[in-house]
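Here is what each chain is made of, one letter per residue.
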Amino acid sequence: MKLKRTKLLVEPPASATSDIAFILIVFFLVCASVEPDQGRAQTLPRSEPEPKKDKQSQNIEVELTRDAVIMNGNPLPKESFAKTIILKLADKTRDEDRIVAVKSRKEVPYSHWMDITGIIEDAGGVITLQLEEEQTVQVQ
Amino acid sequence: MIVKRRQMDASVPAMAMGDIAFLLLIFFVILARARDDSHLQWKPATGVKLVRPATMNASVVIDKYNVTHLNGREVPVSSLSEELKVILGENAAGRRTVILKVHHEVTAIYFEPVIEAISEAGGELHHILEEDKQR
């Protein structure tokens, strides 16, 4: 007597592809939305190679070290710096009087720099960067 | 005489789902590739009152190895200003946004020349930060 062999299913289950598609879409959407895209706009005046010294002396000068702030030569903790700069800028109405020259030492981390420049901008200050220009001197 | 109504087949063609999945995959892969600085390693600094930039004309990243990238491509800081001028062209104000992504531990010796270059090229700087939930 011959026994009939049952036929095996060789076709892939097509109904599962929609589930796979859905899971892949969710995966790519999650991957795409992880990157941060929020932040803070900052207006900086165009750089001038030779700053006018007579104007600069009237402006507030802020020097940043790794974890401290020095305003016009006086070291200040972060909390009192915020209060002091608000008071200093309060009576200044013209944009050119509200300029705050920020000078950073080379070891200042970005997070500290952003904190302090944020405080200055919130107080109404206009930030300018004071950079040390590199000069090559040939020794004969 | 009663005529039997023919039954209509209302099943969704499941075989087409595979093709739809494939096309969607290609779409998302291309979308992911367009954001071509996503492979760079950096952790943002924190901040408050953050806003999304209205436009994005160029992207500058300083990664955790202090390397500067313009639109995902490594560039020397000395040529950054010139390259940005080419990208920004004669765009009007409001369409010159340069987003700056700096690793939070990068020091001033690396990020200040980059900020200066963006300013020199006439870019409108927008720092990318992470919301500080503790403040």
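Residues numbered from 1 in each chain as written. Chains lettered and ligands numbered in written order. Predicted model: local features only at pLDDT ≥ 70, side-chain atom pairs only at ≥ 80, totals over all residues. Heavy atoms only, no water.

Each side of the interface is counted separately: chain B has 46 residues, and chain A has 37 residues. Between chain B and chain A lies a buried interface of about 3,600 Å² when both sides are counted; carbon and sulfur atoms form 61% of it. Considering only the surface of chain B that becomes buried against chain A, B:Phe28, B:Glu112 and B:His127 emerge as the three largest contributors, covering 16% of it. Among the elements of the structure, helix H1 (16–34), strand S5 (97–102), helix H3 (108–120) and strand S6 (124–128) of chain B are those that each provide at least two residues to the side of chain B that touches chain A. With eight residues, H3(B) is the single largest residue contributor to the side of chain B that touches chain A. As paired strands, strand S1 (residues 39–42) of chain A and S6(B) are joined by four bridges and run antiparallel to one another. (Contact = heavy atoms within 4.5 Å. Buried area = accessible area lost by both parts, 1.4 Å probe. Helix = DSSP H or I, 4+ residues; strand = E, 2+ residues; numbered from the N terminus. Pairing = 2+ DSSP bridges.)

Residue and element names in this part refer to chain B. It is at 8 Å that the axes of helix H2 (residues 77–88) and H3 come closest, and there the two elements cross at 25°. On the basis of their axis angle, the class for H2 and H3 is roughly parallel. Crossing angle aside, the handedness with which H2 passes H3 is right-handed. On H3, the residues that touch Val77, Leu80, Ser81, Leu84 and Lys85 of H2 are Pro113, Val114, Ala117, Ile118 and Glu120. (Axes fitted to C-alpha atoms, helices over the stretch in contact; angles between N-to-C directions. Parallel < 35°, antiparallel > 145°, perpendicular 65-115°, else oblique. Left-handed = near helix turned anticlockwise from the far one by under 90°.)

Let's shift gears to the confidence of the model for chain B. Across chain B, the average pLDDT comes to 86, with 94% of residues at 70 or higher. Prediction confidence for the complex, expressed as pTM and ipTM, is 0.73 and 0.74 respectively. (pLDDT = per-residue confidence, 0-100.)

Another point: a nonpolar patch on the surface. All names here are of chain A. Where nonpolar side chains cluster on the molecular surface, the patch consists of Phe22, Ile23, Val26 and Val30 and spans about 400 Å² of accessible area. In this fold, Ile23 is placed in helix H1 (residues 17–33). The exposure class of Ile23 is exposed, given its relative accessible area of 58%. (Patch = residues over 30% accessible without salt bridge, like charges linked within 9 Å, V, L, I, M, F, W, Y side chains within 5 Å. Areas by Shrake-Rupley, 256 points an atom, 1.4 Å probe, with all protein chains shown as cover. Salt bridge = Lys/Arg side-chain N within 4 Å of Asp/Glu carboxyl O. Buried < 20%, exposed > 50% of the residue type's maximum accessible area, 1.4 Å probe, protein only.)

Let us now look at the sheet that holds strand S4 (residues 73–74) of chain B. Strand order across the open sheet formed by six strands is S1(A)-S6(B)-S5(B)-S2(B)-S3(B)-S4(B), with mixed pairing between neighbours. Pairing within the sheet leaves two strands with one partner each, and these edge strands are S1 of chain A together with S4 of chain B. The pairing of strand S2 (residues 58–62) of chain B with strand S3 (residues 68–70) of chain B spans three bridges and is antiparallel. Its bridge partner being in S3(B), B:Ile62 is matched across the sheet by B:Thr68. Those strands touched by helix H4 (residues 110–122) of chain A are S1 of chain A together with S5 and S6 of chain B, and its axis lies near 60° from that of S1(A). Sheet strands touched by H2(B): S2, S3, S4 and S5 of chain B. Its angle to S3(B), the strand with the most contacts, is close to 15°.

With that out of the way, let us pick up H4(A). Residue and element names in this part refer to chain A. Along its 13 residues, H4 runs 18 Å from first to last C-alpha, staying within 8% of the 18 Å computed at 1.5 Å per residue. The buried count for H4 comes to ten of 13 residues, which makes it a mostly enclosed element. Those residues of H4 lying buried are Tyr110, His112, Trp113, Met114, Asp115, Ile116, Thr117, Gly118, Ile119 and Ile120. With its phi angle positive at about 100°, Gly124 sits one or two positions after the end of H4. (Expected span 1.5 Å × (residues − 1).)

Let us look at the sheet that holds strand S5 (residues 99–104) of chain A. Residue and element names in this part refer to chain A. Sheet architecture is open: five strands sit in the order S4-S3-S2-S5-S6, paired in mixed fashion. Each of the sheet's edge strands pairs with one partner strand only, and the pair in question is strand S4 (74–76) and strand S6 (126–129). The mean angle between the axes of side-by-side strands here comes to 30°, regardless of whether they run parallel or antiparallel. Across four bridges, the pairing between S5 and S6 is parallel.

Taking 1.5 Å per residue, 13 residues should reach 18 Å; H3(B) reaches 17 Å between its end C-alpha atoms and fits that length. Following H3(B) by one or two positions, B:Gly122 has its phi on the positive side, about 80°.

In this section: the pattern of salt bridges. Residue and element names in this part refer to chain A. Under the criterion given, the structure shown has seven salt bridges over all chains. The residue Arg105 makes a salt bridge to Glu63 at a minimum N-O spacing of 3.1 Å. Residue Arg105 is found in the loop between S5 and H4, and its partner Glu63 is found in strand S2 (residues 60–64); the two are separated by 42 residues along the sequence. A salt bridge links Glu96 to Arg94, with the nearest nitrogen and oxygen atoms 3.4 Å apart. Overall, Arg94 belongs to the partly exposed group, its relative accessible area being 48%.

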